[in-house]
Amino acid sequence: MTFLSSLGIAKRLFAVSAMLSLAMAGVAVFAYFELSAVGSLADRTENVRVPQLQRMAALELNVTRVSLQLRHSILSRTPQELAATLADVGEKRKLIEKTLSDYEASLFTPEGKQRFAKVSPLMAKFWEAGGANIKLIQDGQKAEAFAYLVDKTIPVRNELLAVLNETVKFQEGALGKDLTDIKEEAEITLKLLICLVVAT
């Protein structure tokens, strides 16, 4: 004689109901923790990974714009045009520095930090070359400024853009992995929940 069969019908129904309630509570707790993990990953992807990718793409774009503005300043026809072009270079520099600072502050993996360590020295080298270019332009040495742009500034810019592009690709790959993980976690959670509910 089992324990349940020794009880009256009312007590047996109460015991079975209690066991079912416990089982359903277990399912609910499991679902909560699993879906919380999926939600955390989705939040990190939305609030960190996507903005990091956007920041790095913006850096690529603004570095290219600065080099084009340096070229434009050499070709400027009036002092006003030159001043406006150089002022834009200054604004782009502030924007680049802020973007770099925001990007560094949001790094959360050792690999990301290691990759970023390559960017800062190249960015400093780019601004150093750009500063020398601007001085030649302001001194009216346009032929020398153009030669310096071609021989020094553009090669440094290309080296910097290559590292930025690698970082963009790294962020794109990490974003794709995050999205795959979210999908897989959601599918596993759904399958496990179905199994648990059926078993219950």
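Each chain has its residues counted from 1, following the order in which its sequence is written. Only residues with pLDDT of at least 70 get local features here, since the model is predicted, and only at 80 or more are side-chain atom pairs given and counted; chain-wide, interface and lining totals rely on the full set of residues. Neither water nor hydrogens contribute to the side-chain values; these are computed over all heavy atoms in the structure.

Turning to helix H3 (residues 110-138), a few remarks are in order. For an α-helix, 3.6 residues make a turn, and residues three or four places apart therefore share a direction. By definition, any uninterrupted DSSP run of H or I lasting at least four residues is a helix, any uninterrupted run of E lasting at least two residues is a strand, and each is numbered from the N terminus. Each residue after the first adds 1.5 Å to the expected span of a helix. Between its first and last C-alpha, H3 extends 42 Å over 29 residues, near the 42 Å set by a 1.5 Å rise per residue. Following H3 by one or two positions, Gly140 has its phi on the positive side, about 80°.

The rule is short: rings of Phe, Tyr and Trp, with Trp giving its six-membered ring, pair when the centres are within 6.5 Å, and they are stacked under 30 degrees, edge-to-face over 60, tilted in between. This model, assessed by the stated rule, comprises 3 aromatic pairs. When the centroid spacing of 5.3 Å and the interplanar angle of 55° are considered together, the rings of Phe126 and Trp127 count as tilted. With respect to burial, Phe126 and Trp127 carry one shared label: buried. For every residue, the accessible area obtained with a 1.4 Å probe (protein chains only) is divided by the maximum for its type, and the residue is called buried under 20%, exposed over 50%, and partly exposed between those limits.

The subject of this paragraph is the confidence of the model for the protein chain. Scored from 0 to 100, pLDDT records how confident the predictor is in each individual residue. Looking at the protein chain, the pLDDT average stands at 86 and 96% of residues meet or exceed 70. When mean pLDDT is compared element by element in the protein chain, helix H2 (residues 79-105) scores highest at 93, while helix H1 (residues 9-75) scores lowest at 84.

With respect to the element layout, Ala42 can be found in helix H1. Spatially, the C-alpha atom of Ala42 lies 43 Å from that of Arg71, the residues being 29 residues apart in sequence.

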